[in-house]
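# Structure at a glance
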Amino acid sequence: MEMTKEMLFEIIDKTPFGDLVLIEDETSYGSAIATYVFVRYAREKGLKIMIDDSLDTLFLIKKHLEFLGIDEDFSDAFVIKTGGKMDVGRVVGRIPLETEPVIYLSRYESMANEVFSKGKYINIVLGFERLFAFLQEPIEFYMVISSIQGFLGNKSRKAFYIIDKNIASNLKFNPIPELEEIATTVVHIKGKYGRGKIIFEKTPFIELLGKEFEVSLERVLQ
């Protein structure tokens, strides 16, 4: 079965606020397309957009969308940046990468809660797997995982963590198994340029569980 934009929007509609959706991207373009779909969804539904941007991943996504012929500046998205120098969207918070994990998490939670106090958000988390490359000790790893769990059930956001599976799987502290446990929904994006597959590995919607959907860029980007 082919996945259309309407079907994707219907699935996002049914996803409750407070849930965490983990998207494991194994392609070169999936993260950019997923980000664009979530941004368009938020605009159509009158929801605010918050993007967690680690190490200029949003800038790379903007460039990738340009390559696909999509001019998207994310000007209406609130952005919390961790590391990086390329500003995209409305940057409302910055956290330097050299910060100790406990200080980093405290700053991030304070900034994020401030944003979430002002409405309903589609929260897109980008480049998160790259942060795990800087963790030195297991205790730091579990502090980060615990912080993510702390946002579960926050009714101000639907959270979509888009992770480059190829990078995450090769880290000393691979976050994927822990994130799969936390997430209410786990989606894999596979395929080759132009055509791909979306596979629902974990979902509360029984009709989607284990299902594989064909995706063409043209249909999703209409």
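See the structure printed just above.
Note that the coordinates shown come from a computational prediction; the quantities given were computed from them, not determined experimentally. (Residues numbered from 1 in each chain as written. Predicted model: local features only at pLDDT ≥ 70, side-chain atom pairs only at ≥ 80, totals over all residues. Heavy atoms only, no water.)

This next bit is on the environment of Lys5. Here Lys5 is to be found in helix 1 (residues 5-14). In the structure, Lys5 is positioned 190 residues away from Arg195 in sequence and 14 Å away in space, judged by C-alpha atoms. (Helix = DSSP H or I, 4+ residues; strand = E, 2+ residues; numbered from the N terminus.)

Before going further, it helps to examine the sheet that holds strand 4 (residues 90-95). With respect to topology, nine strands assemble into an open sheet ordered 4-3-2-5-6-1-7-8-9, the strand pairing being mixed. Two strands in the sheet have a free side with no partner beyond their single neighbour: strand 4 and strand 9 (212-216). Each strand axis lies, on average, 20 degrees off the axis of its neighbour in the sheet, ignoring direction. Examined bridge by bridge, strand 1 (residues 20-25) and strand 7 (residues 185-192) share five bridges and lie parallel to one another. (Pairing = 2+ DSSP bridges. Axes fitted to C-alpha atoms, helices over the stretch in contact; angles between N-to-C directions.)

This part takes up the layout of surface pockets. Taken as a whole, the largest pocket encloses approximately 260 Å³ of empty space. Lining the largest pocket we find 16 residues, and of these Leu97, Thr99, Pro101, Phe134 and Leu135 sit closest to its centre. Listing elements by their share of the lining of the largest pocket, those giving two or more residues are helix 4 (101-116), helix 5 (128-131) and helix 6 (138-151). Residue composition of the lining of the largest pocket, by class: 10 nonpolar, three polar and three charged. Taken as a whole, the second largest pocket encloses approximately 220 Å³ of empty space. As for the second largest pocket, its lining consists of 18 residues, and the residues nearest its centre are Ser31, Thr57, Ile61, Arg130 and Asp164. For the lining of the second largest pocket, the elements supplying multiple residues, two or more each, are helix 2 (30-45), helix 3 (57-67), helix 5 and strand 6 (157-164). Sort the elements by how many residues they give to the lining of the second largest pocket and helix 3 lands first, with four residues. (1 Å grid on protein atoms, 1.4 Å probe; cavity = no way out; pocket = protein on both sides within 12 Å on 5 of 7 lines; lining within 4 Å. Points joined across faces, edges and corners; volume = space filled by probe spheres on them. Nonpolar A, V, L, I, M, F, W, Y, C, P; charged D, E, K, R; others polar.)

Taken as a whole and assessed by the stated rule, the structure comprises two cavities of 30 Å³ or more. Of the pockets and cavities examined, the largest cavity occupies roughly 360 Å³. Taken together, 25 residues line the largest cavity, and the ones lying closest to its centre are Leu8, Ala34, Phe38, Ile189 and Ile198. Every element with two or more residues in the lining of the largest cavity is listed here: helix 1, strand 1, helix 2, strand 7, strand 8 (195-202), strand 9 and helix 9 (217-221). When residues in the lining of the largest cavity are grouped by element, the largest group, five residues, is from helix 2. Residue classes in the lining of the largest cavity are distributed as 18 nonpolar, five polar and two charged. Each pocket or cavity is described by its volume, and for the second largest cavity that value is around 150 Å³.

Where helix 1 contacts helix 2, the axes come no closer than 11 Å and their chain directions differ by 70 degrees. By the criterion of interaxial angle, the relationship of helix 1 to helix 2 is roughly perpendicular. Contacts between helix 1 and helix 2 involve Lys5, Leu8, Phe9, Ile12 and Asp13 on the former and, on the latter, Val37, Phe38, Arg40, Tyr41, Glu44 and Lys45. Taken together, the residues of the contact of helix 1 with helix 2 break down into six nonpolar, no polar and five charged. (Parallel < 35°, antiparallel > 145°, perpendicular 65-115°, else oblique. Contact = heavy atoms within 4.5 Å.)

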